Amino acid sequence: MELLTLAAEAAGPAKSPNLWGALGCALAYSGALFATIDAFADLLLARGDTLGGRLSPALRLKAGSKVAAAGITVVSAGVVLALDANWFAFTTLTIAFVVLVGLAALVLVRQRAHARILAAEFVPVGGGQQTPRVDGA
């Protein structure tokens, strides 16, 4: 019984989570989410604007740096929430971030697949014009 009492005294009262820290981390998560979706939008919009659907190295670097910065921000905010033992905020913000980025990635993948299908349906003709295929190939 004395061992149980000693353990209870050593544990002490549970500290409440830092709500200002959770708010700051929520803002960091939302900024990272915005940067990630903005990078995906850059990739989607730039595909249609370039010749042959290829991205320039600068656009790839820009999108990659946004995603990398978002990843660093989310990991840092997650570490702060975990050190503060605010597991509710950590869990809900991480789930929301993963779900929204997953949906944005799904849109990106579907759009690329749709663009490939459209590109396969047209055959280039002289002078840069494209006409629909009629041979069924």
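From a predicted model like this one, the values you see are computed outputs, not experimental measurements. Numbers given to residues run from 1 along each chain, matching the order in which its sequence is written. Where local features are concerned, this predicted model is filtered to residues with pLDDT of at least 70; where side-chain atom pairs are given and counted, the filter is 80 or more; whole-chain, interface and lining totals use all residues. Only hydrogens and water are set aside; all other atoms, that is, all heavy atoms of the structure, feed into the side-chain values.

## A look at the overall build of the chain
Okay, step 1: Helix and strand counts for the chain come out as four helices and two strands.
Okay, step 2: What counts as a helix is a DSSP run of H or I of at least four residues, what counts as a strand is a run of E of at least two, and both are numbered from the N terminus. Going from N to C terminus, the chain has its helices and strands arranged as α-α-α-α-β-β.
Okay, step 3: Taken over 137 residues, the chain has a buried fraction of 20%.
Okay, step 4: The contact definition used throughout considers only heavy atoms, calling two residues in contact when any of these lie within 4.5 Å. Sequence-distant contacts in the chain: of pairs separated by 6 or more residues, those separated by 24 or more amount to 66%.
Okay, step 5: When the accessible surface of the chain is totalled, it reaches about 9,800 Å², and 72% of it is carbon and sulfur. When accessible area is computed with a 1.4 Å probe and restricted to protein chains, residues below 20% of their type maximum are described as buried, those above 50% as exposed, and intermediate ones as partly exposed. Here the open area of atoms and residues is found with the Shrake-Rupley method and a 1.4 Å probe, where only the protein chains shown may cover a residue.

## Focus: the pattern of salt bridges
Okay, step 1: One speaks of a salt bridge when a side-chain nitrogen belonging to Lys or Arg is within 4 Å of a carboxyl oxygen belonging to Asp or Glu. One pass over the full model with this rule turns up three salt bridges.
Okay, step 2: Ionic pairing is found between Lys66 and Asp38, a salt bridge with its closest N-O pair at 2.4 Å. Placement of Lys66 in helix 3 (residues 57–83) and of Asp38 in helix 2 (residues 19–49) is noted, with a sequence separation of 28 residues between them.
Okay, step 3: Here Asp42 makes a salt bridge to Lys62, at a shortest N to O gap of 3.6 Å. You can see Asp42 sitting in helix 2 and its partner Lys62 sitting in helix 3, a full 20 residues away along the chain.

## Some words on unusual backbone geometry
Excluding glycine, most residues fall at negative phi; most peptide bonds, likewise, are trans.
Okay, step 1: If you check the backbone angles, Ala85 has positive phi at about 60° while not being a glycine.
Okay, step 2: You can see Ala85 is positioned in the loop between helix 3 and helix 4 (87–121).
Okay, step 3: We classify Ala85 as partly exposed; its relative accessible area is 43%.

## So, the packing of aromatic side chains
Okay, step 1: Aromatic contacts are taken between Phe, Tyr and Trp rings whose centres are within 6.5 Å, Trp giving its six-membered ring; a plane angle under 30 degrees counts as stacked, one over 60 as edge-to-face, and the others as tilted. Under the defined criterion, the tally for this structure stands at two aromatic pairs.
Okay, step 2: Aromatic side chains Tyr29 and Phe97 sit 6.2 Å apart centroid to centroid with 80° between the ring planes, which places their arrangement in the edge-to-face category. Of this pair, Tyr29 sits in helix 2 while Phe97 is found in helix 4, placing the two residues 68 residues apart along the sequence. Of the two residues, Tyr29 and Phe97, both sit in the buried class.
Okay, step 3: Between Trp87 and Phe90 the ring centres are 5.9 Å apart and the planes differ by 90°, which places this aromatic pair in the edge-to-face class. One end of the pair, Trp87, and the other, Phe90, are both in helix 4, three residues apart, so they sit about a helical turn from each other.
Okay, step 4: Look at Trp87 and you get partly exposed, because its relative accessible area is 49%.
Okay, step 5: Overall, Phe90 belongs to the partly exposed group, its relative accessible area being 26%.

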